[in-house]
Amino acid sequence: MSNIIEGFRAARARIKPEGFAFSAASSYMSPTIMVPLYGALTYAAHEANTVFDTNAFTVGAIAVLGIANAISITAEAKALTKEGYSSSVIANTLQVATGNPLLSSIGGHVSNYAQLFLINPINSAALLSENRELLTESLGATSLTLTAWLTAMNSLVITGKTKEFTDGVTRVRKYIAQKIIPARQK
């Protein structure tokens, strides 16, 4: 029983409300950048696939996606280790639950891919038209866009550029705890 209590206390200590606020804000604004970008990248991938040999294009795309994912996962794990939060709400939640930054980053990436697969309108069109080539190009573009977004946002966390935001959230949270909540209890 004491192991469960210790685990719960350790998980509770890993909660960073300000970090969750940053990742929620990052997730909220991501569609304004990501949707047009993965649309453009899907078109670029389609055009490149028509110009280059299909096998060479496929090998090149797999290499680029592998490198991009490795960089993104590493950056997110570093942000989770250094600051206790990243740009992904899911990775933050996994970090609180597991305390393992690498596992949390990988789980966050997998979950984000699954969500994007479902909400990407190009994927829906490709599935409805049974266009496997378009689906493959769209999935690659979505993966590249997500890794670029997460790497950029997590770079902000790692370099301390989110401190102003998280400090603002801390001030608001303290104000609510000190002024608003006591006033409502009277």
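Structural data are supplied above this passage.
The rules behind these values
Residues numbered from 1 in each chain as written. Predicted model: local features only at pLDDT ≥ 70, side-chain atom pairs only at ≥ 80, totals over all residues. Heavy atoms only, no water. Helix = DSSP H or I, 4+ residues; strand = E, 2+ residues; numbered from the N terminus. Buried < 20%, exposed > 50% of the residue type's maximum accessible area, 1.4 Å probe, protein only. Contact = heavy atoms within 4.5 Å. Axes fitted to C-alpha atoms, helices over the stretch in contact; angles between N-to-C directions. Parallel < 35°, antiparallel > 145°, perpendicular 65-115°, else oblique. Left-handed = near helix turned anticlockwise from the far one by under 90°. Salt bridge = Lys/Arg side-chain N within 4 Å of Asp/Glu carboxyl O.

A. Broad picture of the environment of Met153. For Met153, the location among the structural elements is in helix H7 (residues 132-158). We classify Met153 as buried; its relative accessible area is 10%. For the pair formed by Met153 and Ser72, sequence separation is 81 residues and the distance between their alpha carbons is 9.9 Å. Not counting chain neighbours up to four residues away, the residues in contact with Met153 comprise Phe22, Ser26, Met29 and Ser87.

B. Seen up close, the packing of helix H5 (residues 101-119) against H7. Between H5 and H7, whose axes approach to 10 Å, the crossing angle comes to 135°. Compared by their axis directions, H5 and H7 come out oblique. As for how H5 packs across H7, the hand of that crossing is right-handed. Counted together, His109, Asn112, Tyr113, Leu116 and Phe117 of H5 and Leu135, Leu139, Thr142, Ser143, Leu146, Thr147 and Leu150 of H7 form the full contact between these two elements.

C. Examining the pattern of salt bridges more closely. Per the counting criterion, the structure on display carries two salt bridges. Note that Arg173 is salt-bridged to Glu18, the shortest N-O span being 2.8 Å. You can see Arg173 sitting in helix H8 (residues 163-185) and its partner Glu18 sitting in helix H2 (residues 17-51), a full 155 residues away along the chain. Residue Arg173 is classed as partly exposed on the basis of its relative accessible area of 42%.

Such coordinate-based values are descriptive only and should not be taken to indicate function.
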